[in-house]
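# Descriptive structure summary
Residues per chain, in single letters:
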Amino acid sequence: MMLHVPKVLDATQVAGFRKRLAAAGWTDGRITAGFQSALAKNNLQLPQSDPVARELSAAVCTALERSPLFFAAALPRHVYTPLFNLYKEGNGFADHVDNAIRHEQTGQPVRTDLSATLFLSAPEEYDGGELVIGTASGTHRIKLPAGDLVLYSATTVHRVEAITRGERLASFFWIQSMVRDDGERSLLFDLDLAIQQLNQEHAGHLSAVKLVGVYHNLLRRWSEL
Ligand code: NI
């Protein structure tokens, strides 16, 4: 699964985030990296305990709750507390796979089914810095407008290209989904979109009710809570 979710944050919210993050206490990004990815990672990150990080990660979660597209695609059971990173000129993050299990500061384990990056810098502010994701269907190079999010399978090998000009600010996090399997979750998302389209074009059609039933019966079969 790979999905572009536009306008998770609007321009005013992005400006507010950036103002707060400009004065925050950035540290070496390797604090959240596993052994293998620590060798690949070269960026700055806000510690989870930082008051600015706490405030803004809650704001990201609130924004996600207002995004029906994010919910339909991710079917989140748990959103790992969003983190923030900053890539300056020369920084990058070489090819790696995200750890399968992460622990919240409370100790709660989270299985990382999906990864997400919420862009906070506009594409024209920096060169390089593309999120490059390898999938069975090819390699995707992603650089989105500020406020937009990309959701992708955490099983993928991915990297952030080195920055050659400017700075790239983002929030990143993982999602444990109610539906662990990427293929099953993608089928549910496709079905959900088809039902929405059917409802728009043929409102009140009995087939839509039956398909909603199929959706929920599949979700009942495949979800874990
Ligand atoms: Ni990663």
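Residues numbered from 1 in each chain as written. Predicted model: local features only at pLDDT ≥ 70, side-chain atom pairs only at ≥ 80, totals over all residues. Heavy atoms only, no water.

## Re the coordination of the nickel ion
Each donor-metal-donor angle would ideally measure 109.5 degrees in four-coordinate tetrahedral geometry, or 90 or 180 degrees in six-coordinate octahedral geometry. The criterion, for reference: Only N, O and S atoms count as donors, using a 2.8 Å cut-off from the metal and 3.2 Å for Na, K and Ca, and because water is excluded some sites may appear unfinished. Elements are defined by DSSP. Helices are runs of H or I of four residues or more, strands are runs of E of two residues or more, and each kind is numbered from the N terminus. Exposed residues in this analysis have more than 50% of their type's maximum accessible area, buried residues have under 20%, and partly exposed residues fall in between, with area computed by a 1.4 Å probe over protein chains only.
Distances from the nickel ion to its protein donors, H96 (NE2), D98 (OD) and H158 (NE2), fall at 2.1 to 2.2 Å. Along the chain, the residues that donate to the nickel ion are spaced as H-x1-D-x59-H. Linking H96 in strand β7 (residues 92–96) with H158 in strand β15 (residues 157–160), this pair joins segments that are 62 residues apart in sequence. Residue classification places H96 among the buried positions, given a relative accessible area of 5%. Since its relative accessible area comes to 3%, H158 is described here as buried.

## Points about unusual backbone geometry
The phi dihedral of K7 falls on the positive side, at around 50 degrees, and the residue is not glycine. Mapped onto the secondary structure, K7 falls in the loop between β1 (2–5) and α1 (11–22). Assessed through its relative accessible area of 71%, K7 is described here as exposed.

## A word on the domain arrangement of the chain
In plain terms, the rule: Domain delimitation in this document rests on an assignment produced automatically or drawn from a domain database. Two parts placed together each lose some accessible area under a 1.4 Å probe, and adding up what both lose gives the buried area. Whenever a carboxyl oxygen of Asp or Glu lies within 4 Å of a side-chain nitrogen of Lys or Arg, that contact is scored as a salt bridge. Polar here means any residue other than Ala, Val, Leu, Ile, Met, Phe, Trp, Tyr, Cys and Pro, which are nonpolar, and Asp, Glu, Lys and Arg, which are charged; Gly is therefore polar.
Looking at the chain, the domain boundaries give domain 1 (2–177) and domain 2 (182–222). One C-alpha centre belongs to domain 1, the other to domain 2; they are set 30 Å apart. Buried area between domain 1 and domain 2, summed over both chains or domains, comes out near 620 Å², and the portion from carbon and sulfur atoms is 68%. Area buried by domain 1 at its contact with domain 2 is led by A72, A73 and L75, which between them contribute 58% of it. Our count for the domain 1 to domain 2 interface comes out at zero salt bridges. Per-element accounting of the side of domain 1 that touches domain 2 gives the leading share, four residues, to helix α4 (residues 68–74). Of the residues belonging to the side of domain 1 that touches domain 2, the class tally is seven nonpolar, two polar and one charged.

## Some words on the nonpolar core
Soluble, globular proteins show a tendency: their nonpolar side chains are buried together. Keep this limit in mind: The definition of a nonpolar core used throughout is a set of buried Ala, Val, Leu, Ile, Met, Phe, Trp, Tyr and Cys residues joined through side-chain atoms within 4.5 Å.
Within the largest apolar cluster, 33 residues are counted, with the highest numbers of intra-cluster contacts made by L21, F84, L149 and L151. Every element with two or more residues in this core is listed here: β1, α1, α3 (51–65), α4, β6 (83–87), β10 (114–119), β14 (149–153) and β17 (168–177). The dominant element in this core, judged by the number of residues it contributes, is α3, at six residues. Grouped together as the second largest cluster of nonpolar side chains are 13 residues, Y87, Y126, Y152 and V160 included.

## So, the packing of helix α5 (residues 182–201) against helix α6 (residues 206–222)
Under the convention used in this document: An axis is simply a line fitted to the C-alpha atoms; with a helix, the fit covers only the stretch in contact. Between two such axes, the angle follows the N-to-C directions and lies from 0 to 180 degrees. Small angles under 35 degrees read as roughly parallel and large ones over 145 as roughly antiparallel, with 65 to 115 read as roughly perpendicular and the rest as oblique. Helix crossings fall into two classes, left-handed where the near helix is turned counterclockwise from the far one by less than a right angle and right-handed where it is turned clockwise. Note on contacts: a residue pair is in contact if any heavy atoms of the two residues lie within 4.5 Å.
Following both chains from N to C, one finds α5 and α6 inclined at 160 degrees, their axes separated by 10 Å at the closest point. One way to sum up the angle between α5 and α6 is to call them roughly antiparallel. Crossing of α5 over α6 shows left-handed handedness. Residue-level contacts link E184, L187, L188, L191, D192, I195, L198 and N199 of α5 to S207, A208, L211, V212, V214, Y215, L218, L219 and W222 of α6.

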